[in-house]
Amino acid sequence: MSDRVTRLLLIRHGETAWNIDSRIQGHTDIPLNDVGRWQAERVALALADEGVDAVFSSDLQRARDTAEAIARTVSRPLQLDAQLRERHFGRLEGLTHGEIHAQWPDDARRWRDRDPHYGPDGGETLSAFYERCVGALRRVAEAHPGQTVVVVAHGGVLDCFYRAATHVALEAPRTWKITNASINRVLYSPEGFSLVAWADTRHLDADGGLDEATDGVVAPA
């Protein structure tokens, strides 16, 4: 690999109870459930021979605990970055999609339509969220040229990373999966991000993981 290119292994955190219930987590600090802890160990083993040079993670515990399993396995220190947090959903956090549609139909519509200027009361706009997390990934990549870096984050964050690597507009509906503890491969060079492979869950066997649901709709299978 060129010493100008950073190899990025992007991981979504393991499963939580709120993933099961399809509740919006955002900045709410929800822990992994038993399945999520098992997934964290499985993804750590899958990355054991990847030649990982550094491990970064969101500081929220569902991502941090997933990343700690990886860091132990690859014998690298864990570096936490709050800029890798999930989007802040303000008053919508803790609610299901059905509850949001029932209580705030206009919020539900603007969220479903992926309005880049929409932010829930107390939360972030989609465009601000994108700039935050993609900027954080760019900083990490630029600090590790020629190296392999694991980044553990959240469903909405990985959606932004996919769009940055494939030049898909923020307003475009999502048609790709972002599953718990999936391995997603991206390269970064001075020319920008490029996609290598996405949504690898072979290390989870038949479990597969749940698709993320923080963009108002669930992607098709």
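Notes on the structure in this doc start here. Just so we're clear, the structure is a prediction, and the values are computed from it rather than from any experiment.

**A few points about the overall build of the chain**
Part 1 of the argument: The secondary structure content of the chain amounts to seven helices and six strands.
Part 2 of the argument: Starting at the N terminus, the α and β elements of the chain follow one another as β-α-α-β-α-β-α-α-α-β-α-β-β.
Part 3 of the argument: Computed over C-alpha atoms, the radius of gyration of the chain comes to 16 Å, within 12% of the 17 Å expected from 2.2 N^0.38 for 221 residues, which places it in the range of a compact globule.
Part 4 of the argument: Dimensions of the chain, computed from the C-alpha atoms along their principal axes, are close to 50 × 40 × 30 Å.
Part 5 of the argument: Counting all 221 residues of the chain, 54% fall into the buried class.
Part 6 of the argument: Within the structure as shown, the chain displays about 9100 Å² of accessible surface, and the carbon and sulfur contribution to it stands at 50%.

**A few points about helix α7 (residues 155-166)**
An α-helix turns once per 3.6 residues; consequently, residues spaced three or four apart project the same way.
Part 1 of the argument: In this model, α7 (twelve residues) spans 17 Å end to end at C-alpha, consistent with the 16 Å of a helix rising 1.5 Å per residue.
Part 2 of the argument: Counting buried residues in α7 gives eleven out of twelve residues, a clear majority hidden from the surface.
Part 3 of the argument: Here α7 has its buried residues at G155, G156, V157, L158, D159, C160, F161, Y162, R163, A164 and A165.
Part 4 of the argument: Where α7 is buried, its residues contact β1 (6-12), α6 (126-142), β4 (148-153), β5 (183-189) and β6 (192-200).
Part 5 of the argument: Positive backbone phi, at 60 degrees, marks H167, one or two positions downstream of α7.

**Regarding the nonpolar core**
Part 1 of the argument: Counting residues in each nonpolar core, the largest one holds 31 residues, and the members touching the most others are L8, L10, V134, V151, F161, F193 and W198.
Part 2 of the argument: Every element with two or more residues in this core is listed here: β1, β2 (54-57), α6, β4, α7, β5 and β6.
Part 3 of the argument: With nine residues, α6 is the largest single contributor of residues to this core.
Part 4 of the argument: The contacts of F161, once residues within four sequence positions are left out, are L10, L84, C133, V134, L137 and V151.
Part 5 of the argument: Counting residues in hydrophobic clusters, the runner-up holds 20 residues, among them L9, I11, V52 and I70.

**Structural notes on the packing of aromatic side chains**
Part 1 of the argument: Under the criterion given, the structure shown has four aromatic pairs.
Part 2 of the argument: Centre to centre, the rings of Y162 and W176 are 4.2 Å apart; their planes meet at 15 degrees, and the pair counts as stacked. Taken together, the residues span a long stretch of sequence, with Y162 in helix α7 and W176 in the loop between α7 and β5 at a distance of 14 residues. W176 matches Y162 in its accessibility class, with the two residues each being buried.

Reading guide: rules and limits
- Residues numbered from 1 in each chain as written.
- Predicted model: local features only at pLDDT ≥ 70, side-chain atom pairs only at ≥ 80, totals over all residues.
- Heavy atoms only, no water.
- Helix = DSSP H or I, 4+ residues; strand = E, 2+ residues; numbered from the N terminus.
- Rg over C-alpha atoms; globule rule 2.2 N^0.38 Å.
- Buried < 20%, exposed > 50% of the residue type's maximum accessible area, 1.4 Å probe, protein only.
- Areas by Shrake-Rupley, 256 points an atom, 1.4 Å probe, with all protein chains shown as cover.
- Expected span 1.5 Å × (residues − 1).
- Contact = heavy atoms within 4.5 Å.
- Core = buried A, V, L, I, M, F, W, Y, C linked by side-chain atoms within 4.5 Å.
- Phe/Tyr/Trp six-rings, centres within 6.5 Å; stacked < 30°, edge-to-face > 60°.

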